Amino acid sequence: MEDMLELEVHDLEVLVLTGVYSEETHLPQPLRISLTVLLDAPAHFAPDTPLSVSKNYLDLKHAATSALPPGVHFTLIEGVADYIAETLFLQDQRVRRVKVKIVKLAIAEEGESIGITLVRHRR
């Protein structure tokens, strides 16, 4: 059995051009994005283990925020999730699995969470 490390960044609120309906296609929509990234883990983390042995959490945040292309309209939020996953795979060869959860905040009427979860494995 291989040792793995899960890094998590949850509840990032990001404005993204997305949507199918005409009322959705002109202005960015607020999305709540959460990521769980599975990495190969070393046999041991000592007190003086350098950051390079793990992964910087800010890389995950970057993939879900500033790495999204400005001005690009994603018809489906599934496309947003795929773009984020691909960004993380390209950043680091140790990334084995990316789980992206996206909630569309603009369509919630009573605080419910409406959205998708996409899980991609390195191929």
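No experiment lies behind these values; they were computed from the predicted model shown. (Residues numbered from 1 in each chain as written. Predicted model: local features only at pLDDT ≥ 70, side-chain atom pairs only at ≥ 80, totals over all residues. Heavy atoms only, no water.)

Asks: I keep staring at the packing of helix 1 (residues 57–64) against helix 2 (residues 77–91) and nothing clicks. Help me out?
Replies: Two numbers describe a pair of packed helices, the interaxial angle and the distance between the axes. Taken N-terminus to C-terminus, the directions of helix 1 and helix 2 make an angle of 140°; their axes are 8 Å apart at the nearest point. With respect to their mutual orientation, helix 1 and helix 2 come out oblique. Both helix 1 and helix 2 take part in a crossing whose hand is right-handed. Counting all contacts with helix 1, which are made through Asp 59, Leu 60, His 62, Ala 63 and Ala 64, the residues of helix 2 involved are Ile 84, Thr 87, Leu 88 and Gln 91. (Axes fitted to C-alpha atoms, helices over the stretch in contact; angles between N-to-C directions. Helix = DSSP H or I, 4+ residues; strand = E, 2+ residues; numbered from the N terminus. Parallel < 35°, antiparallel > 145°, perpendicular 65-115°, else oblique. Left-handed = near helix turned anticlockwise from the far one by under 90°. Contact = heavy atoms within 4.5 Å.)

Asks: Where do I start with the nonpolar core in this structure?
Replies: Nonpolar side chains in soluble globular proteins tend to end up buried together. Ranked by internal contacts, the top residues of the largest apolar core, which has 28 residues, are Ile 33, Leu 35, Ile 84, Leu 88, Val 98, Val 100 and Ile 102. Breaking this core down by element, the ones donating at least two residues are strand 1 (4–16), strand 2 (29–40), helix 1, helix 2, strand 3 (95–104) and strand 4 (115–121). Here the element with the most residues in this core is helix 2; it accounts for 7 residues. (Core = buried A, V, L, I, M, F, W, Y, C linked by side-chain atoms within 4.5 Å. Buried < 20%, exposed > 50% of the residue type's maximum accessible area, 1.4 Å probe, protein only.)

Asks: How should a nonpolar patch on the surface be read in this particular structure?
Replies: Together, Val 20, Tyr 21 and Leu 76 give the surface a local cluster of nonpolar side chains, amounting to about 320 Å² of exposed area. The residue Tyr 21 is located in the loop between strand 1 and strand 2 in this model. (Patch = residues over 30% accessible without salt bridge, like charges linked within 9 Å, V, L, I, M, F, W, Y side chains within 5 Å. Areas by Shrake-Rupley, 256 points an atom, 1.4 Å probe, with all protein chains shown as cover. Salt bridge = Lys/Arg side-chain N within 4 Å of Asp/Glu carboxyl O.)

Asks: Could you clarify how one ought to interpret the side chain of Lys 55 in this entry?
Replies: Within the element layout of this structure, Lys 55 appears in the loop between strand 2 and helix 1. Side chain to side chain, Lys 55 and Gln 91 meet in a polar contact 3.1 Å long. Leave out the neighbours within four places in its chain, and Lys 55 touches Leu 7, Leu 39, Leu 60, Gln 91, Asp 92, Arg 94 and Val 95. (Polar contact = N/O pair within 3.5 Å; in protein donor to acceptor, adjacent residues only side chain to side chain.)

Asks: What should I look at first to understand the layout of surface pockets in this one?
Replies: Think of a ball as big as a water molecule: rolled over the atoms, this probe shows where empty space is left. When its volume is computed, the largest pocket comes out at roughly 150 Å³. Contributing to the lining of the largest pocket are Asp 82, Ala 85, Glu 86, Phe 89, Leu 90, Arg 120, His 121, Arg 122 and Arg 123. Those elements giving two or more residues to the lining of the largest pocket turn out to be helix 2 and strand 4. For the lining of the largest pocket, the element with the most residues is helix 2, which contributes 5 residues. Taken together, the residues of the lining of the largest pocket break down into 3 nonpolar, 1 polar and 5 charged. (1 Å grid on protein atoms, 1.4 Å probe; cavity = no way out; pocket = protein on both sides within 12 Å on 5 of 7 lines; lining within 4 Å. Points joined across faces, edges and corners; volume = space filled by probe spheres on them. Nonpolar A, V, L, I, M, F, W, Y, C, P; charged D, E, K, R; others polar.)

Asks: How do you make sense of helix 2 when you look at a structure like this?
Replies: Each full turn of the α-helix corresponds to 3.6 residues, which orients residues three or four apart in the same direction. Between its terminal C-alpha atoms helix 2 stretches 21 Å, which fits the 21 Å expected from 15 residues at 1.5 Å a residue. Restricting attention to buried positions, one finds in helix 2 the residues Ile 77, Val 80, Ala 81, Ile 84, Ala 85, Thr 87, Leu 88 and Phe 89. (Expected span 1.5 Å × (residues − 1).)

Asks: How should I be thinking about the side chain of Thr 18 in this particular structure?
Replies: Among the secondary structure elements, Thr 18 is positioned in the loop between strand 1 and strand 2. Judged by its relative accessible area of 0%, Thr 18 falls in the buried class. A distance of 2.8 Å separates a polar side-chain atom of Thr 18 from the backbone oxygen of Phe 74.

Asks: I keep staring at the sheet that holds strand 2 and nothing clicks. Help me out?
Replies: One open sheet accounts for 4 strands, arranged 1-2-3-4; its pairing is antiparallel. At either margin of the open sheet sits one strand with a lone partner, and together these are strand 1 and strand 4. Going from strand to strand, the sheet's axes swing by 15° on average, the running direction of each strand aside. Where strand 2 meets strand 3, 9 bridges bridge the pair, whose relative direction is antiparallel. Opposite Leu 31, over in strand 3, you have Lys 104 as the bridge partner. With respect to the sheet, helix 2 is in contact with strand 1, strand 2, strand 3 and strand 4, its orientation differing from that of strand 3 by roughly 150°. (Pairing = 2+ DSSP bridges.)

Read these as layout, nothing more, since geometry by itself doesn't imply function.
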